[in-house]
Amino acid sequence: MRRADGQTVGLAVAVLLALAVPASAQQDTVNVIDPAAPPATGLWRSGAPIEAVQEAVARYNDSTATRLYGSFTVGSGTTIRGDVGMYRGTLRVNGRITGRVTILNGTLILGPTGTVEGEVLVVGGRFLTQPGGTHTGGMRSYADPAPVIRTTTGLLEIREEPVTLGDLARARTTFTAGKLSTELVLETGRTYNRVEGLPIIAGPTFSFPTPSDGETKIDLRGILRTESDPTDQRAELGFRTRFEWQKRSGLRYGIGGTWSQEITPIEDQPFSLAEIGWSTFLLGRDYRDYYQDEGFGGYAFAYPLRSLRVEGAIDYRERTSVPASDPVNLANPDPWRPNPLVDDGHYTVFRGAAEFDSRNATRTPTSGWFARASVERQTSSDVAPAALPAEVRDPLPTGRDYRFYKLWLDVRTYARINTYARVNLRMVGGGWLGGDPLPVQERVALGGYDILPGYQFRDQRCAPAGYTDPALTALCDRSLAFQAEARFRFRLGLREWLGTGEWVLLERLVGADQADVVVFGDMGKAWLAGEGPGRVPSNRIPKLNEWAYDAGVGLDFDGLAVYLATPLTGSWEPRLTFRLQRRF
Amino acid sequence: MRRLLLLVTLALAAAPRADAQQRVRLEVTVSEPAAETGQRRPVVRTPDILRDQRWLESLQNSFPLRLQFRVEIWRVRTDWFDALERAFEWETVVQYEPLVDQYAKTVLFGGSPRSVQRFASLQELERDLERANVVNIAPAGGGEYYFTASVLIRTLTDEEVEEMERFLAGEPVTDAAQQPGAVKRTARRLLLRFGGLPTEQLEGRSPRFAGGR
């Protein structure tokens with residue numbers, strides 16, 4: 001009995017001592033913190049390191065590996081000897097694999113009776129071990145999808161970064177001779193419009209270092225327009241030249257000069273230039289207006305903070321009305337909307353601007369601020385006014401210089417609520433600040449597809465009742481709008497749903513397997529400033545019950561988005577808008 | 001048999017349990033001498049970091065954990081105060097990513113992220129965090145040395161997460177004190193601090209050892 005007790009006590013003590021040993025003490029590996037380790041750039045946002053993706057692709061493509069495409073189960077009692085690679089789907093291991101297991105854009109589940117004897121590399125998925133499953137060997141797992149595609153031969157290739165629409169039809173080459181670097185560029189103007197068609201831009205950029213860590217750049221570009229002007233009001237060829245010197249270290253600052261002759265849009269909205277181009281080409285709808293802008297000027301800039309740029313500029317420009325041409329489009333046989341006349345003349349432009357940008361990304365920001373403000377004073381001694389209704393504008397002065405001031409503000413903030421929710425806010429607006437009435441080319445409007453997507457195009461353009469204008473010219477002095485949106489990120493899971501070759505095409509279009517559900521609301525108002533009927537006093541903004549309000553929902557695949565919006569005032573008319581970039 | 005039951009009871013009471021009572025610790029030890037140089041390096045561990053409910057719950061509530069380490073090499077001097085020979089700091093940021101149901105661990109120092117690891121389960125993360133961190137610094141010469149280490153464990157505020165993301169993305173991170181919202185940020189941090197988000201500073205010191213060859 002004593003002996004038996006002694007054995008029992010010994011066993012119990014051994015068990016309890018084993019229990020008492022901290023689990024951490026059983027670890028036989030260490031993490032090395034090496035101060036000499038190189039920085040790992042771009043790790044946070046770019047998903048799996050490209051080296052891991054390359055390694056995974058190489059393993060999958062290895063002719064000795066067992067390649068699996070789509071979900072597969074290694075049954076209980078089954079043994080696979082050698083490396084196994086799987087692309088898309090779920091690999092369930094209830095049997096045994098003796099070799100490396102590589103999973104791309106899929107999940108590896110080690111079942112209760114499963115054994116993997118070899119290194120596991122999962123890119124774009126997860127490695128789950130159920131109780132009883134056994135894994136010996138290293139393990140690396142990266143959740144973000146691997147940017148790969150499957151070729152017709154069954155092998156994988158790393159997918160190139162999707163080009164932006166603006167990068168299409170763009171070629172460039174760079175060569176260096178001594179300290180002089182030369183880049184030759186041939187590209188489209190990143191748009192397509194009803195005035196000049198497709199502008200094709202070509203020319204060199206020279207850059208060379210200067211003392212005190214400076215750099216000088218000279219851009220020389222010629223612009224070839226595919227549409228000729230039926231009225232000879234504009235030149236067939238345009239050009240753009242720019243000289244700039246910049247100090248690149250310490251306090252960054254620089255000076256520059258420009259000389260150009262280009263077709264310039266009147267307003268910076270709606271839509272981006274690339275979106276305008278596709279809309280014009282595909283749908284035959286060009287939502288901007290244009291004029292020819294020719295002249296020269298100089299500017300100086302500085303970065304007092306890394307995120308803050310301030311700039312002052314003076315230009316001497318000749319602004320000329322240009323008519324719409326007849327470029328081809330795929331869908332709309334109707335005549336193009338006329339391009340409105342502007343107030344032709346020579347203008348001297350004094351401009352001060354500041355831009356603050358602390359966003360974490362330019363195209364798809366999730367945090368930070370963006371603010372841009374500009375003030376312009378423009379004068380002209382030979383303006384030739386376009387005819388506008390008296391309700392819109394008092395006559396421009398004669399016998400003295402014409403001059404006016406204009407202010408523009410655009411403030412955006414991007415806030416992260418948690419790992420999948422974001423709230424973004426924007427205030428944008430401005431217009432006439434003082435002096436004589438604005439010329440046509442500086443007037444504004446609101447409504448349609450961008451800032452107020454629930455409303456029709458230029459719903460607020462300040463045209464007096466009964467005024468017929470097929471060009472739908474923007475006539476307002478001022479506009480102000482607020483936009484708010486909440487974005488909820490979610491995983492699409494299309495890969496699991498499809499699991500076939502169709503996903504390849506979709507993946508090329510959509511890219512990441514994640515999207516945002518967007519809930520948004522906007523409010524805005526454009527108005528005529530001054531005294532008189534239909535105008536708002538210069539020191540006031542319109543009453544809130546006169547504003548336009550809309551709300552809607554959307555689905556945004558990192559830039560390729562569809563939104564459904566409806567006005568909250570007036571009639572209930574939902575409108576669908578497709579976008580190729582974020583709303584703001 | 002009674003003695004056995006008593007022993008079992010006592011042993012069970014003495015055995016560490018993975019419950020809410022466990023607190024994270026900081027252990028500082030000295031590595032074995034390197035084969036070629038004989039140099040010894042600091043080894044830092046934070047046992048039970050995820051057995052400490054404060055940190056586990058914070059992590060599971062999507063608050064990232066930031067472990068801000070500082071390791072110092074001290075040379076013992078008999079006639080005066082000990083001399084600080086070298087110090088090295090790094091941060092380990094651990095975050096739960098609910099969207100993909102994974103945990104990410106990022107190690108940063110010298111103004112750059114140095115490594116990112118992802119873990120499919122809390123157990124894998126815990127296994128990694130329990131591992132010893134061998135810091136690749138060593139005394140420069142002979143004499144008697146010891147290492148000291150400290151770790152400041154905090155959860156990050158949301159603003160700090162964004163700041164870190166900007167930092168990791170290579171975007172400029174400006175001095176928070178110069179930001180217009182510095183007062184607001186400070187107030188929010190204080191609110192979070194007093195609102196219950198835990199913070200803990202631990203310090204440790206290794207035994208003395210002979211440095212160099």
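The structure contained in this document is the topic of the report that follows. (Residues numbered from 1 in each chain as written. Chains lettered and ligands numbered in written order. Predicted model: local features only at pLDDT ≥ 70, side-chain atom pairs only at ≥ 80, totals over all residues. Heavy atoms only, no water.)

**Concerning the overall build of chain A**
The test is simple: Here a helix means four or more residues in a row that DSSP labels H or I, a strand means two or more in a row labelled E, and each is numbered from the N terminus. Throughout, a residue-residue contact means that at least one pair of heavy atoms, one from each residue, lies within 4.5 Å. Each accessible area is a Shrake-Rupley estimate made with a 1.4 Å probe; only the visible protein chains count as cover when residues are assessed.
Across its full length, chain A carries 5 helices and 32 strands. Of the contacts made within chain A by residues no fewer than 6 positions apart, 56% connect residues no fewer than 24 positions apart. As displayed, chain A has an accessible area near 27400 Å², and 59% of this comes from carbon and sulfur atoms.

**What to know about the side chain of Lys525 of chain A**
Using the following cut-off: We call a residue buried when its accessible area falls under 20% of the maximum for its residue type, exposed when it is over 50%, and partly exposed in between, using a 1.4 Å probe and counting protein chains only. Think of it this way: Lys and Arg go in the positive column, Asp and Glu in the negative one, and His and the chain ends go nowhere. In the sections that follow, a salt bridge refers to a side-chain nitrogen of Lys or Arg positioned within 4 Å of a carboxyl oxygen of Asp or Glu.
Mapped onto the secondary structure, Lys525 of chain A falls in strand β28 (residues 514-529). Of the side chains with opposite charge, Glu546 of chain A lies nearest to the buried Lys525 of chain A, which makes no salt bridge, at 4.9 Å.

**What to know about the state of the cysteines**
All names here are of chain A. Just so we agree on the cut-off: Only a pair of cysteine sulfur atoms within 2.5 Å counts as a disulfide in this structure description.
This structure, assessed with the given rule, holds 1 disulfide over all chains. Paired by a disulfide, Cys462 and Cys476 hold their sulfur atoms 1.9 Å apart. Taking the sign of the torsion about the S-S bond as the criterion, the disulfide between Cys462 and Cys476, at about 105°, is right-handed. Here Cys462 is found in the loop between β26 (421-435) and β27 (478-491), whereas its partner Cys476 is found in the loop between β26 and β27, with 14 residues between them in sequence. Accessibility assignment for this pair places Cys462 and Cys476 in one class, buried.

**Quick notes on unusual backbone geometry**
All names here are of chain A. At the junction of Gln269 and Pro270, the peptide bond is cis and its omega measures out at 5° in the coordinates. With respect to the secondary-structure elements, Pro270 resides in the loop between β20 (252-265) and α3 (273-283). Of note, Arg88 is a non-glycine position whose phi angle comes to about 65°, a positive value. Counting through the fold element by element, Arg88 comes out in strand β5 (residues 84-93). By relative accessible area, which is 1% here, Arg88 ends up buried.

**Considering the packing of aromatic side chains**
All names here are of chain A. As a reminder of what qualifies: Here a Phe, Tyr or Trp ring, Trp counted by its six-membered ring, pairs with any other such ring whose centre lies within 6.5 Å, and the pair is stacked when the planes are under 30 degrees apart, edge-to-face when over 60, and tilted otherwise.
Scanning the model with the defined rule gives 21 aromatic pairs over all chains in all. An angle of 15° between the planes, with centres 5.7 Å apart, marks the rings of Tyr69 and Tyr87 as stacked. Here Tyr69, found in strand β2 (residues 66-69), pairs with Tyr87, found in strand β5; they are 18 residues apart in sequence, far enough to count as distant. Its relative accessible area of 28% is what places Tyr69 among the partly exposed residues.

**Details of the pattern of salt bridges**
Residue and element names in this part refer to chain A. Counted under the stated rule, the structure contains 54 salt bridges over all chains. Between Arg140 and Glu119 there is a salt bridge; the shortest N-O distance is 2.8 Å. Residue Arg140 is located in strand β12 (residues 139-142), and its partner Glu119 is located in the loop between β8 (115-117) and β9 (120-123); the two are separated by 21 residues in the primary sequence. Using a relative accessible area of 25% as the deciding quantity, one classes Arg140 as partly exposed. A salt bridge links Arg579 to Glu275; the shortest N-O distance between them is 2.7 Å. One end of the pair, Arg579, is in strand β32 (residues 575-579); the other, Glu275, is in helix α3, with 304 residues separating them in the sequence. Judged on exposure class, the residue Arg579 and its partner Glu275 are both buried.

**Section: the sheet that holds strand β6 (residues 96-98) of chain A**
Residue and element names in this part refer to chain A. Filter applied, for reference: Only when DSSP finds a minimum of two bridges between them are two strands counted as paired. Only the stretch in contact is used when fitting a helix axis, every axis being a line fitted to C-alpha atoms; angles between N-to-C directions are given from 0 to 180 degrees.
A sheet is described by the order of its strands in space; here 4 strands give the open sequence β4-β6-β8-β11, paired in parallel fashion. Looking at the sheet topology across the chains shown, the edges are occupied by β4 (79-81) and β11 (134-136). In this sheet, neighbouring strand axes are inclined to one another by 5° on average, regardless of whether the strands run parallel or antiparallel.

**Here we look at a nonpolar patch on the surface**
Residue and element names in this part refer to chain A. Rule in force here: Nonpolar side chains (Val, Leu, Ile, Met, Phe, Trp, Tyr) within 5 Å and like charges within 9 Å form the patches, drawn only from residues with over 30% relative accessible area and no salt bridge.
On the surface, Phe488, Val517, Val519, Val553, Leu564, Leu576 and Phe578 cluster together into a nonpolar patch covering about 610 Å² of accessible area. Contributing elements (two or more residues each) for the nonpolar patch: β28 and β32. Position of Val519 among the secondary structure elements: in strand β28.

**Focus on the nonpolar core**
Stated precisely, the cut-off is as follows: As used in this record, nonpolar core signifies buried Ala, Val, Leu, Ile, Met, Phe, Trp, Tyr and Cys residues forming a set joined through side-chain atoms within 4.5 Å.
Residues Leu26, Ile49, Leu50, Leu59, Trp90, Leu125 and Ile153 of chain B are the most contacted members of the largest nonpolar core, which totals 36 residues. Counting residues per element, the ones that place at least two in this core are β1 (27-30), α2 (53-60), β3 (65-75), β4 (83-97), β5 (102-109), α3 (122-130) and β8 (143-155) of chain B. Judged by nonpolar contacts, the second largest core, of 17 residues, contains Val440, Leu446, Leu452 and Ala548 of chain A.

**Remarks on the sheet that holds strand β2 (residues 42-45) of chain B**
Across the sheet, which stays open at both edges, the 4 strands sit in the order β1(A)-β7(B)-β2(B)-β1(B) with mixed pairing between neighbours. The two strands at the open ends of the sheet, each matched to only one other strand, are β1 (30-33) of chain A together with β1 of chain B. If you compare each strand with its neighbour and ignore which way they point, the axes differ by 30° on average. Across 4 bridges, the pairing between β1 of chain B and β2 of chain B is antiparallel. Looking at β2 of chain B, one finds that Glu27 of chain B is bridged to Arg45 of chain B.

**Remarks on empty space enclosed by the protein**
In this approach the atoms are scanned with a rolling probe the size of a water molecule, which exposes any empty space left behind. Heads up, the rule is: Lining residues are defined by having an atom within 4 Å of a point belonging to a cavity or pocket. Those points lie on a 1 Å grid over the protein atoms alone, cavities being sets where a 1.4 Å probe fits but cannot get out and pockets being open sets with protein on both sides within 12 Å along at least five of seven lines. Grid points are joined across faces, edges and corners, and a volume is the space filled by probe spheres set on the points. Residues are grouped as follows: nonpolar covers Ala, Val, Leu, Ile, Met, Phe, Trp, Tyr, Cys and Pro; charged covers Asp, Glu, Lys and Arg; every other residue, Gly included, is treated as polar.
Within this structure, the stated rule accounts for 6 cavities of 30 Å³ or more. What the largest cavity holds in volume is close to 60 Å³. Lining the largest cavity are Asn31 of chain A together with Thr46, Leu67, Phe69, Thr92, Lys105, Asp128, Leu129, Arg131 and Asn133 of chain B. Counting only elements with at least two residues in the lining of the largest cavity, the list comes to β3 and α3 of chain B. Split by residue class, the lining of the largest cavity holds 3 nonpolar, 4 polar and 3 charged.

**Remarks on the side chain of Arg288 of chain A**
To keep things clear, this is the line we draw: Within 3.5 Å is the distance limit for a polar contact, defined as a pair of N or O atoms, with the added protein rule that one can donate a hydrogen and the other accept it, and that residues adjacent in sequence qualify only through two side-chain atoms.
Looking at the secondary structure, you find Arg288 of chain A in the loop between α3 and β21 (290-305). Here the side chain of Arg288 of chain A touches Asp268 of chain A through a polar contact of 3.0 Å, landing on its backbone oxygen.

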